[in-house]
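# Reading the structure
Now for the letters of each chain:
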Amino acid sequence: MQKHLDILRQYWGYTQFRSLQGDIIRSIAAGKDTLGLMPTGGGKSLTFQVPAMSMEGLCVVVTPLIALMKDQVENLKKRGIAAAAIYSGMSYNAIMMTLDNAVFGAYKFLYVSPERLASAIFMEKIVQTVVCMIAVDESHCISQWGYDFRPSYLRIADIRELLPDVPVLALTATATPEVVEDIQKQLLFKKPNVFQKSFHRSNLAYVVRTVENKDENLLKILNNVPGTSVVYVRNRKKTKEVADFLNQNGIPAENFHAGLKNDTKDAKQKRWMSGETRVIVSTNAFGMGIDKAEVRTVVHMDLPDSLEAYFQEAGRAGRDEQKAYAVLLYNNSDATKMNKRVADTFPGKEMVVKVYEALGNYLQLGVGSGLDAVYSFDIGDFCRKFRLPILISYNCLKILQQAGYLELTDEQDSSSRVLFTVGKEDLYKLRQNAEQEKLIHILLRSYTGLFTDLAAVDEETIAKRLQWTRDMVYEQLVGLSKERIIQYIPRKKTPYLTFIREREATEKVVLGKEAYDDRRERYMSRVKNVLDYAQEENICRCQMLLSYFGEKESKPCGVCDACLKKKETQVTNDDFETIRLSILEVLSDESLPVNKLVRKLNTKEPKAIQVIRFMIDNGQIEENELMHLKIKQKPGEQSI
Ligand code: ADP
Ligand code: MG
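The model shown is predicted, which means the values in this text are computed figures rather than measured ones.

An ideal rise of 1.5 Å per residue puts 18 Å on 13 residues; helix H17 (residues 390–402) measures up with 18 Å between its terminal C-alpha atoms. Along H17, the positions that sit buried rather than exposed are Ser393, Asn395, Cys396, Leu397, Ile399, Leu400 and Gln401. Remark: Gly404 follows H17 within two positions and exhibits a positive phi of approximately 85°.

We now examine the side chain of Lys214. Structurally, Lys214 can be placed in helix H10 (residues 214–224). Residue Lys214 is classed as buried on the basis of its relative accessible area of 11%.

Another aspect to go through is the sheet that holds strand E8 (residues 204–210). A sheet is described by the order of its strands in space; here six strands give the open sequence E8-E13-E12-E9-E11-E10, paired in parallel fashion. Because the sheet does not close on itself, it has two edges, and the strands there are E8 and strand E10 (253–256). Going from strand to strand, the sheet's axes swing by 15° on average, the running direction of each strand aside. Examined bridge by bridge, strand E9 (residues 228–232) and strand E11 (residues 279–282) share four bridges and lie parallel to one another. The partner of Val230 across the bridge, within E11, is Ile280. Relative to strand E13 (residues 324–330), H10 is tilted by about 170°, and along the sheet it contacts E8, E9, E11, strand E12 (295–300) and E13. Docked against the sheet, helix H22 (residues 513–535) engages E8 and E13, running at close to 105° with respect to E13.

For the structure on display, the rule yields 22 aromatic pairs. Geometrically, the ring pair formed by Trp272 and Phe286 is edge-to-face, given 5.1 Å between the ring centres and 90° between the ring planes. In this pair, Trp272 sits in helix H12 (residues 262–274) while Phe286 sits in the loop between E11 and E12, placing the two residues 14 residues apart along the sequence. For Phe286, a relative accessible area of 2% translates into the label buried. Grouping aromatic residues by their ring pairs yields a cluster made of Phe199, Phe311, Tyr548 and Phe549. The cationic tip of Lys292 hangs over the ring face of Trp272; the distance from NZ or CZ to the ring centre is 5.5 Å. Positioned over the ring face of Tyr405 is Arg501, at 4.1 Å from the centre of the ring.

Next up on the list: the packing of helix H1 (residues 2–12) against helix H3 (residues 45–53). Look at H1 against H3: their axes get within 9 Å of each other, and the N-to-C directions meet at 105°. Judged by the inter-axis angle, H1 sits roughly perpendicular to H3. Across from His4, Ile7, Leu8, Tyr11 and Trp12 in H1, the residues of H3 making contact are Leu46, Gln49, Val50, Pro51 and Met53.

Counting buried residues along E12, six of its six residues qualify, which places the element largely inside the surrounding structure. As judged from the four bridges shared by E12 and E13, these two strands associate in the parallel manner. Residue pairing in the sheet places His300 in a bridge with Leu328 of E13.

Our next topic: the sheet that holds strand E17 (residues 455–457). Across the sheet, which stays open at both edges, the three strands sit in the order E17-E16-E18 with antiparallel pairing between neighbours. The open sheet has two free edges, formed respectively by E17 and strand E18 (486–489), since each of these has just one partner strand. Strand-to-strand twist across the sheet, computed as the mean angle between neighbouring axes with direction ignored, equals 30°. Pairing of strand E16 (residues 416–420) with E18, which is carried by four bridges, proceeds in the antiparallel orientation. Bridge pairing in E18 links Arg417 to Ile489. Running at roughly 135° to E18, helix H21 (residues 470–482) makes contact with E16 and E18 of the sheet.

Turning our eyes to something else, we now look at the side chain of Arg526. Note on placement: Arg526 falls in helix H22. This buried residue, Arg526, is left without a salt bridge; Glu308 holds the nearest opposite charge, at 5.3 Å. Polar contacts involving the side chain of Arg526 include one to the main-chain carbonyl oxygen of Trp145, which spans 3.4 Å.

Take the site of ligand 1 next. If you check the shell around ligand 1, you find 14 residues, and the closest are Tyr14, Gln21, Gly41, Lys44 and Ser45. Within the side chain of Gln21, an N or O atom sits 2.8 Å from a nitrogen atom of ligand 1. At 3.1 Å, a backbone N or O of Gly43 approaches an oxygen atom of ligand 1. Residue composition of the shell around ligand 1, by class: four nonpolar, seven polar and three charged.

In many analyses, interface size is given as the accessible surface area lost on bringing the parts together. Considered domain by domain, the chain is made up of domain 1 (2–196), domain 2 (204–331), domain 3 (338–412 + 495–523), domain 4 (416–490) and domain 5 (571–631). Put simply, the middle of domain 2 and the middle of domain 5, counted by C-alpha atoms, are 30 Å apart. Counting residues at the interface gives four residues for domain 2, matched by four residues for domain 5. Summed over both sides, the interface of domain 2 with domain 5 buries roughly 280 Å², with 23% coming from carbon and sulfur. When the area that domain 2 buries against domain 5 is broken down by residue, the three leading residues are Asn224, Lys323 and Tyr325, summing to 81%. Where domain 2 touches domain 5, the interface holds one salt bridge. Its salt-bridge partner being Lys323, residue Asp617 comes within 3.7 Å of it at the nearest N-O pair. Taken together, the links from domain 2 to domain 5 amount to one residue pair in polar contact (both at pLDDT 80 or more). Residue composition of the side of domain 2 that touches domain 5, grouped by class: one nonpolar, one polar and two charged.

This next bit is on the pattern of salt bridges. Under the definition given, this model contains 32 salt bridges. With a closest N to O distance of 3.7 Å, Glu254 and Lys268 form a salt bridge. Taken together, the positions of Glu254 in strand E10 and Lys268 in helix H12 put the pair 14 residues apart, joining distant regions of the chain. In this structure, Lys337 and Asp334 form a salt bridge, with 3.7 Å as the shortest nitrogen-oxygen distance. In this pair, Lys337 and Asp334 both sit in helix H14 (residues 333–345), three residues apart, roughly one turn of the helix.

A separate point is the state of the cysteines. In total, this model carries zero disulfides according to the counting rule given. The closest cysteine sulfur to the non-disulfide-bonded Cys560 is located on Cys563, 3.7 Å from its own sulfur. Classification of Cys563 as buried rests on a relative accessible area of 7%.

Rules used in this analysis
- Residues numbered from 1 in each chain as written.
- Chains lettered and ligands numbered in written order.
- Predicted model: local features only at pLDDT ≥ 70, side-chain atom pairs only at ≥ 80, totals over all residues.
- Heavy atoms only, no water.
- Helix = DSSP H or I, 4+ residues; strand = E, 2+ residues; numbered from the N terminus.
- Expected span 1.5 Å × (residues − 1).
- Buried < 20%, exposed > 50% of the residue type's maximum accessible area, 1.4 Å probe, protein only.
- Pairing = 2+ DSSP bridges.
- Axes fitted to C-alpha atoms, helices over the stretch in contact; angles between N-to-C directions.
- Contact = heavy atoms within 4.5 Å.
- Phe/Tyr/Trp six-rings, centres within 6.5 Å; stacked < 30°, edge-to-face > 60°.
- Lys NZ or Arg CZ within 6 Å of the ring centre and 35° of its normal.
- Parallel < 35°, antiparallel > 145°, perpendicular 65-115°, else oblique.
- Lys, Arg positive; Asp, Glu negative; His and termini not counted.
- Salt bridge = Lys/Arg side-chain N within 4 Å of Asp/Glu carboxyl O.
- Polar contact = N/O pair within 3.5 Å; in protein donor to acceptor, adjacent residues only side chain to side chain.
- Near = heavy atom within 4 Å.
- Nonpolar A, V, L, I, M, F, W, Y, C, P; charged D, E, K, R; others polar.
- Domains from an automatic or database assignment.
- Buried area = accessible area lost by both parts, 1.4 Å probe.
- Disulfide = S-S within 2.5 Å.

As structure tokens, then:
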């Protein structure tokens, strides 16, 4: 362990491992297949990064989130560790070069997105490489039982078979017991081996409020609990509406969703991180890779799709171990909405097939072709051209992904690309104007491979060399492309679509029971679990969630709404109200430390303490800097 600690200090500057990190590292370093369950923010990355540093060879890291992959590679490089990534959107040349470097031992870490992992060249090169470990992040994606199944993850097993002696480290933040078992099975674990800490978070109070007016209730919560907040809503339009509403009521808020421009997203995130914006109102696009410890409330205005998702999102509150609240706002119309959601998420099979066919035509793919082909993909454009509804089409693509036909990746920065569509000889025969000639000359001098593959080019660099403006370069490139001398793809942020099977004839596209019906059923059962959670009033929230994740023996948390309700009834309601009023009366004269306050009340200490705690938790009274209790300055407000 000492050597791992040394590595941790030397490269990361941390002094010790968190409890589970040490166990996981010991296990994988001993060559055992290992599954580690740690909450988001728990520090999963170090559990493969540190041990790999003391092993010989390359650590292959599989992860589906390309943006995070790039962050990690940058992060490692900053620490002086050689790392690279392979993902959709890279050119064939770049992938080949990276793989060749890997074979020669140039990297310690190679991040691979799952749809690239199973490609023939990856397989071919990886067997020539000395590999010390395969780390599988977000490993729940390998399980059909999980809430985020990705068939391309199943191909990791093929890599394992090619490298039988290389141990695998699977990581995830959320998995039900059946998924835990399935991950180990699908990843061909030699022996079951799981490390997991309780998911219990003692500083986090789960609360469900059944309310008619959610906006008003949200306002109440934010007025009662100061500090940073994340508010989750279901659709993009609503992010704006709720943020506007909060701003109108004096609470600095901004909206966030995946459809915003990247600069805008970055700026919004920064302002929230710095505390300039108190509340971010977002779809579930917000949160990935975001590490802010002092979030006091996470409020869900709509029901999430699964308790896994809820647990992850709610768990962003209170990472600093200070008191925090995860509140779900519910009303009866939510149950009806859930039914519609099931219908939208699983459009009829004919619709799915229709979208598949349209997609093949959109991409101009002949039947039988397209295996491993990667396309930048604009779903808006696709739907416009084929007059398809966006949400439904998106869900059809998701189903096709789950059925193993294709893979959609999150959007990412791609560099501009150029490919000459005429041969070198012909190039000189064509007549060009002077500008074009200069540009072609510089292109050929600056880049190689322009005749064989779409090569990455940088307009900025070209502009400097030509002493033009960037816009001029752009215009001339577009001009060359119009004359069909080059193919030019300007830089953009774009999602990618990969065909992981060749295009099938429409009548051969089958969505069998497993690919569709079973999944629909599982989705419905997850949705039902969410509804049960929202509708239950008497079971401890924490116990419900923990039991869902396999912890059946936990004790009531004492701080959720169900527990508080119980406590409330221990002190009779009349009692409670009498004590509460006398507390308010005493405190309206002076602020006092708890013990003095209790002495002034005409009641037994445990009861008084219970009421005081309830009032603190519900924002009626609070402690000042001197640890004296005082009435919270929000006249007219009630508890959250
Ligand atoms: P996860 O993947 O589990 O969500 P990360 O690996 O991204 O979490 O780590 C979350 C944060 O915790 C990172 O900022 C990381 O540097 C930090 N961290 C991880 N392990 C330690 C440690 N032993 N000591 C201090 N900070 C740590
Ligand atoms: Mg992680």
